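# Breakdown of the fold
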Amino acid sequence: MRLLKKGLLRASILILVALPSTVASSSEDLNPEAPPETAQFGFLVGEWNCTTKFMKPDGSGYTEGKAKWTGTYTLNGWAIQDYWIGYTPDGKENHGTNIRTFNPRTKKWDNQWVASGSLQWVYFEAEKVGETMVMIGGEGKDPNGEYIDRNTFYEIGADSWRWRKDRSYDGGKTWIEGIGFIEAARAD
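What you are looking at is a predicted structure, and each value in this text was computed from that prediction instead of being measured. (Residues numbered from 1 in each chain as written. Predicted model: local features only at pLDDT ≥ 70, side-chain atom pairs only at ≥ 80, totals over all residues. Heavy atoms only, no water.)

## Concerning the overall build of the chain
A tally of regular secondary structure across the chain gives one helix and 11 strands. For the chain, the N- to C-terminal ordering of α and β elements is α-β-β-β-β-β-β-β-β-β-β-β. The buried share among the 188 residues of the chain stands at 41%. Long-range contacts, defined as pairs at least 24 residues apart, comprise 41% of the intrachain contacts of the chain with a sequence gap of at least 6. For the chain, the accessible surface area stands at approximately 10,400 Å², while carbon and sulfur atoms represent 55% of it. (Helix = DSSP H or I, 4+ residues; strand = E, 2+ residues; numbered from the N terminus. Buried < 20%, exposed > 50% of the residue type's maximum accessible area, 1.4 Å probe, protein only. Contact = heavy atoms within 4.5 Å. Areas by Shrake-Rupley, 256 points an atom, 1.4 Å probe, with all protein chains shown as cover.)

Right, dumping it as structure tokens:
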């Protein structure tokens, strides 16, 4: 079932990303007929200037950078799509997009992410936990082995929020905390 769910979401994203903006409807407003939980990720709607810190692959410290994060309601206000442009210190740009939909059956969020460079769809499941939004997934492999990520949005306010990436190499039993950080401030 999860593979089917991922496949349907991927097809929706491909259509959304591939169609011109006049066809792929975007809205600054939540559709009143959408599940009310759709507003949980509404804090991402807008333009955000970000500072970033990501652990170097060898674990010897962090690489700092800047980013622009833009979020909109899309699919006629039933989902949220965000766009990421990260700027590395050497001037390289990294682009990515994410689409987030609340799943009324599971009472959790389905999130799909794709970034330039890899062009591989990455699935996360998310839920609101207290005053945070927690995403778990993003299966991958690096020199330390296979992993999953936990991305947490916290200190969410009207004009700022923070994000932290943790990583697990044992299926979520233990976590290496703070391998990535983002601080966002509203630009608009």
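## Describing the confidence of the model for the chain
In the predicted model, the chain carries a mean pLDDT of 87, and 85% of its residues have values of at least 70. The lowest-confidence element of the chain is helix 1 (residues 2-18), averaging 44 in pLDDT; the highest-confidence one is strand 10 (residues 160-168), averaging 98. This model gives residues 1-5 a pLDDT under 50, and the stretch forms seven contacts once residues within four places in sequence are excluded. Scored below 50 in pLDDT, residues 7-26 makes 24 contacts in the model with residues more than four places away or belonging to other chains. (pLDDT = per-residue confidence, 0-100.)

## Quick notes on the packing of aromatic side chains
Across all of its chains, the model carries 14 aromatic pairs by this definition. Here Phe 43 and Trp 161 contribute two aromatic rings whose centre-to-centre distance is 6.1 Å and whose plane-to-plane angle is 75°, an arrangement assigned as edge-to-face. Of this pair, Phe 43 sits in the loop between strand 1 (26-27) and strand 2 (46-55) while Trp 161 is found in strand 10, placing the two residues 118 residues apart along the sequence. Each of the two residues, Phe 43 as well as Trp 161, counts as buried. (Phe/Tyr/Trp six-rings, centres within 6.5 Å; stacked < 30°, edge-to-face > 60°.)

## Concerning unusual backbone geometry
Phi is positive for Leu 119, close to 50°, though the residue is something other than glycine. A positive phi is found at Glu 155, a non-glycine position, where the angle reads about 45°. As for its placement among the helices and strands, Glu 155 is situated in the loop between strand 9 (145-154) and strand 10.

## Here we look at the nonpolar core
Membership of the largest hydrophobic core comes to 23 residues, with the highest contact counts inside it found for Phe 41, Trp 69, Phe 153 and Trp 161. For this core, the elements supplying multiple residues, two or more each, are strand 2, strand 3 (62-74), strand 4 (79-87), strand 7 (122-129), strand 8 (132-142), strand 10 and strand 11 (176-186). (Core = buried A, V, L, I, M, F, W, Y, C linked by side-chain atoms within 4.5 Å.)

## Regarding the pairing of strand 3
Along a regular strand, successive side chains alternate from one face of the sheet to the other. The sheet contact formed by strand 2 and strand 3 spans 10 bridges and is antiparallel. Bridging across to strand 3, Lys 53 finds its partner in Glu 64. Turn length for the strand 2-strand 3 hairpin, with the two strands adjacent in sequence and antiparallel, is six residues, and the turn residue Gly 59 shows positive phi of about 75°. Examined bridge by bridge, strand 3 and strand 4 share nine bridges and lie antiparallel to one another. Residue pairing across strands places Thr 72 opposite Gln 81, the latter belonging to strand 4. The hairpin turn running from strand 3 into strand 4, its antiparallel successor, is four residues long, and Leu 75 in that turn takes a positive phi close to 55°. (Pairing = 2+ DSSP bridges.)

## A word on the environment of Glu 131
Structurally, Glu 131 is set in the loop between strand 7 and strand 8. The exposure class of Glu 131 is exposed, given its relative accessible area of 66%. In this structure the C-alpha to C-alpha distance between Glu 131 and Glu 155, which are 24 residues apart in sequence, comes to 7.7 Å.

## Quick word on the layout of surface pockets
Any space left empty among the atoms is revealed by the rolling of a water-sized probe across them. If you add up the space inside the largest pocket, you get close to 1,600 Å³. Contributing to the lining of the largest pocket are 49 residues, with Phe 54, Tyr 147, Asp 149, Lys 165 and Arg 167 lying nearest its centre. The residue makeup of the lining of the largest pocket, split by class, is 21 nonpolar, 18 polar and 10 charged. (1 Å grid on protein atoms, 1.4 Å probe; cavity = no way out; pocket = protein on both sides within 12 Å on 5 of 7 lines; lining within 4 Å. Points joined across faces, edges and corners; volume = space filled by probe spheres on them. Nonpolar A, V, L, I, M, F, W, Y, C, P; charged D, E, K, R; others polar.)

## Considering the pairing of strand 8
Here strand 7 pairs with strand 8 via six bridges, running antiparallel. Pairing of Glu 125 across the sheet is with Ile 136, part of strand 8. Where strand 7 hands over to strand 8, the hairpin turn is made up of two residues, of which Gly 130 adopts a positive phi near 65°. Of the pairings in the sheet, the one linking strand 8 to strand 9 comprises eight bridges and is antiparallel in character. Paired with Ile 136 across the bridge in strand 9 is Arg 150. Connecting strand 8 to the next strand, strand 9, in antiparallel fashion are two residues.

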